[in-house]
Amino acid sequence: MGLFFEKNSSKTKSTLTTILLVAVFIDLVNAFFLGWDWLNIVIMVVFVMLTFLFFKTEKHT
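Note that the structure is predicted; figures quoted are calculated from it, not measured.

A.B. asks: Help me understand the overall build of the chain in this model?
C.D. replies: In terms of regular secondary structure, the chain is built from two helices and zero strands. Counting only residues that meet the buried cut, the chain has 18% of its 61 residues in that class. Look at the contacts in the chain between residues 6 or more apart in sequence, and 59% of them connect residues 24 or more apart. With the model as given, the accessible surface of the chain reaches about 4,800 Å², and the carbon-plus-sulfur share is 74%.

So, in structure tokens, the structure goes:
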């Protein structure tokens, strides 16, 4: 968990944003082409974890 709670908050936010974009892309591909229920559950868990990590990172203005 040290990666997500390091001092460089902007790098952490950009990493989390990249992971979020990849997860959204995978979710869209699954919704339109695959329809796998287990992937919906996994993506939902990833979204919850990313939301938690977004709120745990420090906010710099």
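A.B. asks: Any chance you could explain a nonpolar patch on the surface here in plain terms?
C.D. replies: Where nonpolar side chains cluster on the molecular surface, the patch consists of Val24, Leu28, Phe32, Phe33, Leu34, Trp36, Trp38 and Val42 and spans about 890 Å² of accessible area. Breaking the nonpolar patch down by element, the ones donating at least two residues are α1 (9–34) and α2 (37–56). Within the secondary structure, phenylalanine 33 is located in helix α1.

A.B. asks: Please explain the packing of aromatic side chains as it appears in this structure.
C.D. replies: A ring pair, where both rings are aromatic, is described by two values, the distance of the centres and the angle of the planes. Under the counting rule described, the total for this entry stands at one aromatic pair. Both rings, one in tryptophan 36 and one in tryptophan 38, keep their centres 5.7 Å apart while their planes meet at 15°; by these two values the pair is stacked. Judged by its relative accessible area of 40%, tryptophan 36 falls in the partly exposed class.

A.B. asks: Hey, could you run me through the side chain of asparagine 30 in this one?
C.D. replies: As for its position among the elements, asparagine 30 is in helix α1. Not counting the four nearest positions on each side in its chain, asparagine 30 is found in contact with Gly35, Trp36, Leu39 and Asn40.

Conventions adopted
Residues numbered from 1 in each chain as written. Predicted model: local features only at pLDDT ≥ 70, side-chain atom pairs only at ≥ 80, totals over all residues. Heavy atoms only, no water. Helix = DSSP H or I, 4+ residues; strand = E, 2+ residues; numbered from the N terminus. Buried < 20%, exposed > 50% of the residue type's maximum accessible area, 1.4 Å probe, protein only. Contact = heavy atoms within 4.5 Å. Areas by Shrake-Rupley, 256 points an atom, 1.4 Å probe, with all protein chains shown as cover. Patch = residues over 30% accessible without salt bridge, like charges linked within 9 Å, V, L, I, M, F, W, Y side chains within 5 Å. Salt bridge = Lys/Arg side-chain N within 4 Å of Asp/Glu carboxyl O. Phe/Tyr/Trp six-rings, centres within 6.5 Å; stacked < 30°, edge-to-face > 60°.

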